[in-house]
Structure formats: structure tokens, C-alpha cells
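Per-entry structural report
Below, each chain spelled out in residue letters.
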Amino acid sequence: MWKLIDGRLVHTTDDTRVKFRTNISESILQSLKTLAKVNGTHVNYLLENGLKEVLASEVIFYNKDTRPKDRIQYKTTYDQELLASVKEFAKQHDLYINDVIEYSVQFIDIENIKRTNYRYRVE
């Protein structure tokens, strides 16, 4: 992101984002990559949107027996507060974080996602 300091633009790192590594279904990840490309966004912005929707509903119906078998490691960044909320939500519902992430994909609201250029915003 960029910050306006003394009339000059200074490039800075967004301190509210943290790196996070998880395992996610490869087929879900491929569909998210396609969806991101079509809508001019990034996969982690899509995931964040879905996670916010799940947290807002405060309800999750997840069958542990239907966990995908094609999980691969996936590393990205998330909003720090959102990730902390997801961790707590997963703990309360006796699930893994990657279960919540995969479940949240079905709740992505394409109309309200951050676009690719969001990271170049000026604050």
C-alpha cells in the first residue's frame, strides 16, 4: 500500500496482514484461481470474503466425513484480526482452520470482494 506522508507517496507494507500456511483441497484452489482471474482479484481476497460471511452467520454445518482427500499446502496472507477470529471459530466448533476455509468458499460474495489493485491503495 502507499501512504501520503508530507505530500509524498511512500510505499509501505500493510502491517495488518499476516502470513499463514494451511492445507486446502487442490480442486477448490484451482476453482478459486479461475474465479479470481475472471473477477480481477486474488485468491486470498476471495477466501477472506467467504470467511467473513461464515463468521457473520455464526453457524457452520460441516460433515467431517466429507473432507477432501486432495489437500495440498497453500501459503498466503490474511487480515490479522480475521485470521484470529477464524481460529477461535474453528476451535469453538471443534474443526480445523482448513475445514472452515474450505467451507467458506461456498459463501463468497463476488459483488463485495477486494480487487487486484486494492494492494496499491493510498491511505
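Details of the structure are given in the entry above.
Notes on the structure follow. None of these values were measured; they are calculated from a predicted model. Residue positions are given per chain, counting from 1 as you read along its sequence in written order. The model is predicted, so local features are restricted to residues of pLDDT at least 70 and side-chain atom pairs to those at 80 or more, both for listing and for counting; the totals for chains, interfaces and linings are taken over all residues. The basis for every side-chain value is the complete set of heavy atoms in the structure, and neither hydrogens nor water enter the calculation.

If you tally the helices and strands in the chain, you get four helices and four strands. Three exposure classes are used, based on accessible area relative to the maximum for each residue type with a 1.4 Å probe and protein chains only: buried under 20%, partly exposed in between, and exposed over 50%. In the chain, which comprises 123 residues, the proportion classed as buried is 35%. Pairs of residues are marked as contacts when any of their non-hydrogen atoms sit within 4.5 Å. Partitioning the contacts of the chain with sequence separation of at least 6, the portion at a separation of at least 24 is 83%. Carbon and sulfur atoms form 49% of the exposed surface of the chain, whose accessible area is close to 8,000 Å². By definition, any uninterrupted DSSP run of H or I lasting at least four residues is a helix, any uninterrupted run of E lasting at least two residues is a strand, and each is numbered from the N terminus. For the area figures, the Shrake-Rupley method with a 1.4 Å probe applies, and any residue is considered shielded solely by the protein chains shown.

Another aspect to go through is the packing of helix 2 (residues 43-57) against helix 3 (residues 80-92). At a closest axis distance of 11 Å, the pairing of helix 2 and helix 3 adopts a crossing angle of 50°. Accordingly, the angle class assigned to the pair helix 2 and helix 3 is oblique. In the crossing of helix 2 with helix 3, the sense of the turn from one axis to the other is left-handed. Contact residues: Glu48, Leu51, Lys52, Val54 and Leu55 in helix 2; Leu82, Ser85, Val86 and Phe89 in helix 3. Just so you know the grouping, Ala, Val, Leu, Ile, Met, Phe, Trp, Tyr, Cys and Pro go in nonpolar, Asp, Glu, Lys and Arg go in charged, and all remaining residues, Gly too, go in polar. The residue makeup of the contact of helix 2 with helix 3, split by class, is six nonpolar, one polar and two charged. The angle between two axes is taken between their N-to-C directions and runs from 0 to 180 degrees, where each axis is a line fitted to C-alpha atoms and a helix contributes only its stretch in contact. In this scheme, roughly parallel covers angles under 35 degrees and roughly antiparallel covers those over 145, while 65 to 115 is roughly perpendicular and the rest are oblique. Left-handed describes a crossing whose near helix is turned anticlockwise from the far helix through less than a right angle; right-handed describes the clockwise counterpart.

The subject of this paragraph is the nonpolar core. Think of a nonpolar core as a cluster: buried Ala, Val, Leu, Ile, Met, Phe, Trp, Tyr and Cys residues, connected wherever their side-chain atoms sit within 4.5 Å. Ranked by internal contacts, the top residues of the largest apolar core, which has 26 residues, are Val43, Leu47, Leu51, Tyr78, Val86, Val100 and Ile101. Elements that contribute at least two residues to this core include exactly strand 3 (17-25), helix 1 (26-39), helix 2, strand 4 (71-79), helix 3 and helix 4 (97-104). Looking at this core element by element, the count peaks at six residues for helix 2. Aside from chain neighbours lying at most four places away, what touches leucine 47 is Ile24, Leu32, Tyr74, Tyr78, Ile101, Ser104 and Val105.

Expected span of a helix: the number of residues minus one, times 1.5 Å. With 14 residues, helix 1 ought to run about 20 Å at 1.5 Å a step, and its terminal C-alpha atoms sit 20 Å apart, in line with that. Every buried residue of helix 1 is listed here: Leu29, Leu32 and Ala36. Relative to the axis of helix 1, the buried residues are bounded by an arc of 60° and lie together on one face. What points out from helix 1, more than 90 degrees from its buried face, is the exposed set Lys37 and Val38. Those residues of helix 1 that are buried lie in contact with strand 3, helix 2 and strand 4. Following helix 1 by one or two positions, glycine 40 adopts a phi angle in the positive range, close to 65°. As used here, the arc belongs to the directions running from the helix axis to the C-beta atoms.

Residue glutamate 58 is not a glycine yet carries a positive backbone phi of 60°. Checked against the element boundaries, glutamate 58 lands in the loop between helix 2 and strand 4. Located in the positive-phi region is aspartate 94, a residue other than glycine, with phi close to 55°. Its place among the elements puts aspartate 94 in the loop between helix 3 and helix 4.

What follows is about the environment of leucine 51. Along the chain, leucine 51 turns up in helix 2. Counting along the chain gives 52 residues from leucine 51 to tyrosine 103, while the straight-line C-alpha distance between them is 8.6 Å.

Turning next to the pattern of salt bridges. Criterion for a salt bridge: a side-chain nitrogen of Lys or Arg within 4 Å of a carboxyl oxygen of Asp or Glu. Under the criterion given, the structure shown has five salt bridges. As a salt-bridge pair, aspartate 99 and arginine 67 come within 2.7 Å of each other at their nearest N and O atoms. Placement of aspartate 99 in helix 4 and of arginine 67 in the loop between helix 2 and strand 4 is noted, with a sequence separation of 32 residues between them. Exposure remark for arginine 67: the relative accessible area of 21% places this residue in the partly exposed category. Of the charged contacts in the structure, one is a salt bridge between arginine 71 and glutamate 102, with a shortest N-O distance of 2.6 Å. You can see arginine 71 sitting in strand 4 and its partner glutamate 102 sitting in helix 4, a full 31 residues away along the chain. The class of arginine 71 is partly exposed, set by a relative accessible area of 23%.

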